[in-house]
Protein chains: 2
Amino acid sequence: MNTLAEENYLKAIYKLSCAEGNVSTNQIATELATKASSVTDMVRKLADKALVNYARYQGVSLTHTGEKIALNIVRRHRLWEYFLVEKLHFKWDEVHDMAEEMEHISSTELINRLDAFMGYPTRDPHGDPIPDCDGNIKASALKPVSAVKANTSGVISGVGDHSTPFLQYLEQQKLTIGKRVMVKEIIGYDNTVILEMDNKQLHISRDVANNILIAI
Amino acid sequence: MNTLAEENYLKAIYKLSCAEGNVSTNQIATELATKASSVTDMVRKLADKALVNYARYQGVSLTHTGEKIALNIVRRHRLWEYFLVEKLHFKWDEVHDMAEEMEHISSTELINRLDAFMGYPTRDPHGDPIPDCDGNIKASALKPVSAVKANTSGVISGVGDHSTPFLQYLEQQKLTIGKRVMVKEIIGYDNTVILEMDNKQLHISRDVANNILIAI
DNA sequence: TTATTTTTTTAGACTTGCCTAAAAATTACA
DNA sequence: TGTAATTTTTAGGCAAGTCTAAAAAAATAA
Ligand SMILES: [Mn+2]
Ligand SMILES: [Mn+2]
Ligand SMILES: [Mn+2]
Ligand SMILES: [Mn+2]
């Protein structure tokens, strides 16, 4: 099996390579709040174990095996988040750090039974898809509300930022998963987005708009 | 907070000091399947943190703080075992290793909600008492069936060995928690114990008898 | 009480994962 | 294209936790 540190690196590389192709040393360092030199060390070790493709100065990508493992960690993370919200009644902004620890519990049988116990959920509390036990994951075609044309309507289906303050703000504004919103206007001056929801209008900043993902 | 290794040492010391007072270096080494020299190192560190009382060659005991922490780890271990058996339908011989990992999940709020979710169980699947959130634990006055007089009747309420083979053997013989048994006779020759259960007689070895605990 | 055995501690070393500082490679840009 | 800025790697070191081998202390036996 892989160490806790290795698992965290694989998950970070997976997350970063969803956005772009090859992942840079500095990106990984930022994501894991560590130093570039530490990343170089670890990436070499992962390359020795054939979990990533790596050549000096070229960045890194997951091998097939590495991606399988990463998807498994993501599966565990999201299933535990679902458990914490649905069974233990935590709020969606409270569960990330706990799941960050729980995702490293190694038993596959445990996670499969947890999955069954909860009725095979397909999305975590933040709208992210949960990979099945074979590592299959639905790529969701979501768009930030900042990236759609005026008068486009859609359902909030995900968030681009999982931080507690951001999620609490959304909660407070009732901008939660499943809500239907209409983008009324995007102000040219500072990219403020005017949303309509429940027949009320709501102004949100560019940063917030970038991190609310809707299915159209 | 304490590291995973520190937590495992504290739990081991707690377990050993329930049987006797001061715990020896070698006892800890055996319990944790490590070497005496490693134990000396760690015990020093725990003494520096004021979690154990230690003087060279004198063995070790938990301080009040150390015992509180140990009880908390025991609480987490037993609550997760209960969860695995009652909610995920694992068998009592399958859960120990998983709980060994899960007991290190640090959130107190999580464990308290888990406790509530399961209805505040008082005993784990092996009959061991679960400390409450303040660290109070019921000392159970159980006796091995090897230590009672002939014609004593009692209810199986705990086990002295948590290993998979032993628990599977008990399961197979239907010698499970809650069953009422009567000690009919202890054979002098090899301490075989003759039990009566459900109006049937059953011979068990000295080793097995030492590890079946009954409430009289 | 002395000698032997056992237990415990010390000394020194190794791995993992991380760090800082300096060197090397790459990229940006004037 | 050549210089400057940025990124990445290397070099060297540190803390945690473990190990083996040897020394010291304690317990046991003669
Ligand atoms: Mn993690
Ligand atoms: Mn999530
Ligand atoms: Mn443990
Ligand atoms: Mn147990």
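Residues numbered from 1 in each chain as written. Chains lettered and ligands numbered in written order. Predicted model: local features only at pLDDT ≥ 70, side-chain atom pairs only at ≥ 80, totals over all residues. Heavy atoms only, no water.

As a further point, take the overall build of chain A. For chain A, the count of helices and strands is eight helices and eight strands. Computed over C-alpha atoms, the radius of gyration of chain A comes to 19 Å, within 12% of the 17 Å expected from 2.2 N^0.38 for 216 residues, which places it in the range of a compact globule. A principal-axis box enclosing the C-alpha atoms of chain A has dimensions of 55 × 45 × 25 Å. Buried residues in chain A amount to 44% of all 216 residues. The contacts of chain A with a sequence gap of at least 6 include a subset with a gap of at least 24, amounting to 60%. By element, 49% of the accessible surface of chain A is carried by carbon and sulfur atoms, the whole surface being about 11000 Å². Seen as two clouds, the 24 positive and the 28 negative side-chain charges of chain A have centres 3 Å apart. (Helix = DSSP H or I, 4+ residues; strand = E, 2+ residues; numbered from the N terminus. Rg over C-alpha atoms; globule rule 2.2 N^0.38 Å. Buried < 20%, exposed > 50% of the residue type's maximum accessible area, 1.4 Å probe, protein only. Contact = heavy atoms within 4.5 Å. Areas by Shrake-Rupley, 256 points an atom, 1.4 Å probe, with all protein chains shown as cover. Lys, Arg positive; Asp, Glu negative; His and termini not counted. Charge placed at Lys NZ, Arg CZ, Asp CG, Glu CD.)

As a further point, take the domain arrangement of chain A. Assigned domains within chain A: domain 1 (4-62) and domain 2 (143-215). Centre-to-centre, using C-alpha coordinates, domain 1 of chain A lies 32 Å away from domain 2 of chain A. (Domains from an automatic or database assignment.)

It is worth spelling out the pairing of strand S4 (residues 152-159) of chain B at this point. Looking along a regular strand, one sees side chains alternate from face to face of the sheet. All names here are of chain B. Most of S4 sits out of view: six of its eight residues are buried. For S4 and strand S8 (residues 212-215), the ladder comprises four bridges, and the chain directions are antiparallel. In the sheet register, isoleucine 156 faces S8, and the bridge partner there is isoleucine 214. (Pairing = 2+ DSSP bridges.)

Next up on the list: the sheet that holds strand S8 (residues 212-215) of chain A. Residue and element names in this part refer to chain A. In spatial order, the strands read S3-S8-S4-S5-S6-S7; together these six strands make up an open sheet with antiparallel pairing. Of all the strands in the sheet, just strand S3 (143-144) and strand S7 (200-204) have a single pairing partner and so form its edges. One ladder, built from four bridges, connects strand S5 (residues 180-186) with strand S6 (residues 193-197); its direction is antiparallel. Bridging across to S6, methionine 182 finds its partner in glutamate 196.

To continue, consider the coordination of the manganese ion (ligand 3). Residue and element names in this part refer to chain B. Binding of the manganese ion (ligand 3) to the protein goes through Asn8 (OD1), Glu100 (O), Glu100 (OE), Glu103 (OE) and His104 (NE2), at separations of 2.1 to 2.8 Å. Each donor residue of the manganese ion (ligand 3) belongs to the same chain, with the gaps between them written as N-x91-E-x2-E-H. Judged by relative accessible area, which is 24%, glutamate 100 ranks as partly exposed. Here histidine 104 falls in the buried class, since its relative accessible area comes to 12%. (Donors = N, O, S within 2.8 Å, 3.2 Å for Na, K, Ca; no water.)

This part covers the pattern of salt bridges. Residue and element names in this part refer to chain A. Under the criterion given, the structure shown has 21 salt bridges over all chains. Salt-bridge contacts for glutamate 31 lead to lysine 15; the nearest nitrogen and oxygen are separated by 3.2 Å. Residue glutamate 31 is found in helix H2 (residues 25-31), and its partner lysine 15 is found in helix H1 (residues 4-19); the two are separated by 16 residues along the sequence. Overall, the relative accessible area of 32% leaves glutamate 31 in the partly exposed class. (Salt bridge = Lys/Arg side-chain N within 4 Å of Asp/Glu carboxyl O.)

Here the two chain copies are tied together by a rotation about an axis and a shift along that axis. Superposition of chain B onto chain A requires a rotation of 180° combined with a translation of 0.0 Å along the rotation axis, giving an RMSD of 0.0 Å. One copy is carried onto the other by what is essentially a two-fold rotation axis. When each C-alpha of chain B is compared by its distance to the rotation axis, methionine 102 of chain B comes out closest, at 3.8 Å. Taken as a fraction of all interface residues of chain B, those also at the interface in chain A reach 100%, which identifies the copy contact as same-surface. (Least-squares fit on C-alpha atoms with pLDDT ≥ 70 in both.)

An α-helix turns once per 3.6 residues; consequently, residues spaced three or four apart project the same way. Residue and element names in this part refer to chain A. Within helix H7 (residues 164-172) the residues assigned to the buried category are Phe166, Leu167 and Leu170. The arc that holds the buried residues of H7, viewed along the axis, is 95°, so those residues lie on one side. When the buried face of H7 is taken as reference, the exposed residues oriented beyond 90 degrees from it are Pro165 and Gln172. Buried residues in H7 make contact with strand S4 (152-159), helix H8 (206-210) and S8. Of the residues flanking the end of H7, it is lysine 174, one or two places downstream, whose phi is positive at about 60°. (Arc of directions from axis to C-beta.)

Moving on, we get to empty space enclosed by the protein. All names here are of chain B. Under the counting rule described, the total for this entry stands at two cavities of 30 Å³ or more. Taken together, Val23, Ser24, Thr25, Ile28, Val39, Thr40, Val43, Tyr54, Gly59 and Val60 form the lining of the largest cavity. For the lining of the largest cavity, the secondary-structure elements that each account for two or more residues are helix H2 (25-31) and helix H3 (36-48). Counting residues per element, the lining of the largest cavity draws most heavily on H3, which supplies three residues. Split by residue class, the lining of the largest cavity holds six nonpolar, four polar and no charged. (1 Å grid on protein atoms, 1.4 Å probe; cavity = no way out; pocket = protein on both sides within 12 Å on 5 of 7 lines; lining within 4 Å. Points joined across faces, edges and corners; volume = space filled by probe spheres on them. Nonpolar A, V, L, I, M, F, W, Y, C, P; charged D, E, K, R; others polar.)

All names here are of chain B. Between helix H4 (residues 64-86) and helix H6 (residues 108-117), the shortest axis-to-axis distance is 10 Å and the interhelical angle comes to 40°. When the axis of H4 is compared with that of H6, the two are oblique. Every pair of crossing elements has a handedness; the one defined by H4 and H6 is left-handed. Contact residues: H4 offers Arg75, Arg76, Leu79, Trp80 and Phe83, while H6 offers Leu110, Ile111, Asn112, Leu114, Asp115 and Phe117. A per-class count over the contact of H4 with H6 returns seven nonpolar, one polar and three charged. (Axes fitted to C-alpha atoms, helices over the stretch in contact; angles between N-to-C directions. Parallel < 35°, antiparallel > 145°, perpendicular 65-115°, else oblique. Left-handed = near helix turned anticlockwise from the far one by under 90°.)

This part is about the protein's contact with DNA strand D. Near DNA strand D lie 21 residues; those nearest to it are Arg44 and Tyr54 of chain A together with Thr3, Thr34 and Lys45 of chain B. In DNA strand D, atoms within 4 Å of the protein come 75% from sugar and phosphate. Measuring from a phosphate oxygen of DNA strand D, one finds a side-chain N or O atom of tyrosine 54 of chain A at 2.4 Å. A distance of 3.0 Å separates a phosphate oxygen of DNA strand D from a polar atom in the side chain of lysine 35 of chain B. (Near = heavy atom within 4 Å. Polar contact = N/O pair within 3.5 Å; in protein donor to acceptor, adjacent residues only side chain to side chain.)

Bringing the sheet that holds strand S3 (residues 143-144) of chain B into the picture now. All names here are of chain B. Reading across from one edge, S3-S8-S4-S5-S6-S7 is the order of the six strands in this open sheet, with antiparallel pairing throughout. For this open sheet the edge positions go to S3 and strand S7 (200-204), each flanked by a neighbour on one side alone. Lying on the sheet, helix H7 (residues 164-172) is in contact with S4, S7 and S8; it crosses S4 at an angle near 140°.

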